[in-house]
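Read off the chains here:
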Amino acid sequence: MEEVEILPRDSYLHTVNITQVPCTLQWWFTTKRKNIDFGLFQRKANSSGDEGASLAGSVSETTGGAMSIGRQRGLSHFRLQDRGAVELMALKHYESSKSTIKGSWHATEPGTYVLYFDNSFSKNTSKRLSFCVAVKEEEAKEEAK
């Protein structure tokens, strides 16, 4: 389980590059104090442009980092979409300090999936985020003859 601190008016990206499909992307997260917004985005494997390198990873390893493409309130989400990412799950406010939030996404297309934790709504409070991400590969179903 990873733990990061997300500063006020900031966000955190965790990327997972999925090359073999179908599979299921699973996540669990909680915050020590207060709550956080969460959304899921995807950048398709064949997208062109220089920004693709900034969302690189591999199926067995995931990467994360503070979002460096904008710290102004509300703009980081739109800048993520400007970089060619498609919104799979809209940003939503989660009561993550009261219980562990669990979720999953059935990936049918290869690409880079971005778990987006947003604290840009908070003016003064940092959030201590603990999270775990896993990729569960599914066996290909054989056709009956």
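Each chain has its residues counted from 1, following the order in which its sequence is written. The predicted nature of this model means local features are confined to residues of pLDDT at least 70 and side-chain atom pairs, given and counted, to a pLDDT of 80 or more, with totals for whole chains, interfaces and linings taken over all residues. With hydrogens and water set aside, each side-chain value is computed from the structure's full complement of heavy atoms.

For the protein, an unreviewed UniProt entry supplies the name Oxysterol-binding protein 3 and the organism Kickxella alabastrina.

## Digging into the overall build of the protein
What counts as a helix is a DSSP run of H or I of at least four residues, what counts as a strand is a run of E of at least two, and both are numbered from the N terminus. Looking only at helices and strands, one finds 1 helix and 9 strands in the protein. N-terminal to C-terminal, the α/β element order of the protein is β-β-β-β-β-α-β-β-β-β. For each residue, the accessible area found with a 1.4 Å probe, counting protein chains only, is set against the maximum for its type, and the residue is called buried under 20%, exposed over 50%, and partly exposed in between. A total of 145 residues make up the protein; the buried ones form 38% of that total.

## Thoughts on the environment of Gln42
Summarising the element assignment, Gln42 is placed in strand S4 (residues 36-44). Separated by 70 residues in sequence, Gln42 and Thr112 have C-alpha atoms that sit 5.6 Å apart. Throughout, a residue-residue contact means that at least one pair of heavy atoms, one from each residue, lies within 4.5 Å. Among residues more than four places away in sequence, those in contact with Gln42 are Gly84, Ala85, Val86, Leu88, Glu109, Pro110, Gly111, Thr112 and Tyr113. A polar atom in the side chain of Gln42 sits 3.2 Å from the side chain of Tyr113. A 3.5 Å cut-off defines polar contacts: any pair of N or O atoms within that distance qualifies, except that in protein one atom must be a possible hydrogen donor and the other a possible acceptor, and neighbouring residues in sequence count only when both atoms are side-chain atoms.

## A word on the sheet that holds strand S9 (residues 127-137)
At least two DSSP bridges between two strands are required for those strands to pair. Spatially, the 4 strands line up as an open sheet ordered S1-S9-S3-S7, and their pairing is antiparallel. On the outer flanks of this sheet lie strand S1 (2-6) and strand S7 (101-107), each paired with one strand and no other. Taken pair by pair, the neighbouring strands of this sheet meet at an average axis angle of 25 degrees, ignoring direction. Two elements, strand S3 (residues 23-31) and S9, share 9 bridges in a ladder whose sense is antiparallel. Bridged to Thr30 within S9 is Ser130. Geometry is summarised by axes, namely lines fitted to C-alpha atoms with helices restricted to the contacting stretch, and by angles between N-to-C directions that run from 0 to 180 degrees.

## Some points on unusual backbone geometry
The omega angle of the peptide bond from Val21 to Pro22 is 0 degrees, so this bond is cis rather than trans. Tracing the sequence through the fold places Pro22 in the loop between strand S2 (11-18) and S3.

## Some words on the packing of aromatic side chains
Each pair of aromatic rings taken from Phe, Tyr and Trp, with Trp reduced to its six-membered ring, is defined by centres within 6.5 Å and is described as stacked if the planes are under 30 degrees apart, edge-to-face if over 60, and tilted in the remaining cases. Per the counting criterion, the structure on display carries 9 aromatic pairs. Between Phe29 and Tyr94 the ring centres are 5.9 Å apart and the planes differ by 85 degrees, which places this aromatic pair in the edge-to-face class. Taken together, the positions of Phe29 in strand S3 and Tyr94 in strand S6 (residues 86-94) put the pair 65 residues apart, joining distant regions of the chain. On the basis of relative accessibility, which here comes to 16%, the residue Tyr94 falls in the buried class.

## A word on the side chain of Ser96
With respect to the secondary-structure elements, Ser96 resides in the loop between S6 and S7. For Ser96, a relative accessible area of 0% translates into the label buried. In this view, Ser96 contacts Phe29, Thr30, Thr31, Lys34, Asn35, Ile36 and Ile101; residues no more than four positions away in its chain are not counted.

## Considering the nonpolar core
Here, nonpolar core refers to any group of buried Ala, Val, Leu, Ile, Met, Phe, Trp, Tyr and Cys residues whose side-chain atoms link them within 4.5 Å. Of all hydrophobic cores here, the largest spans 21 residues; its most connected members are Leu25, Trp27, Phe29, Leu115, Phe117 and Phe131. Every element with two or more residues in this core is listed here: S1, S2, S3, S4, S7, strand S8 (111-118) and S9. Here the element with the most residues in this core is S3; it accounts for 4 residues. Not counting residues up to four positions away in its chain, the partners in contact with Leu115 are Tyr12, Leu13, His14, Val16, Leu25, Trp27, Phe38, Gly39, Leu40 and Val133. Counting 5 residues, the second largest nonpolar core, distinct from the first, contains Leu13, Phe41, Ala85 and Tyr116.

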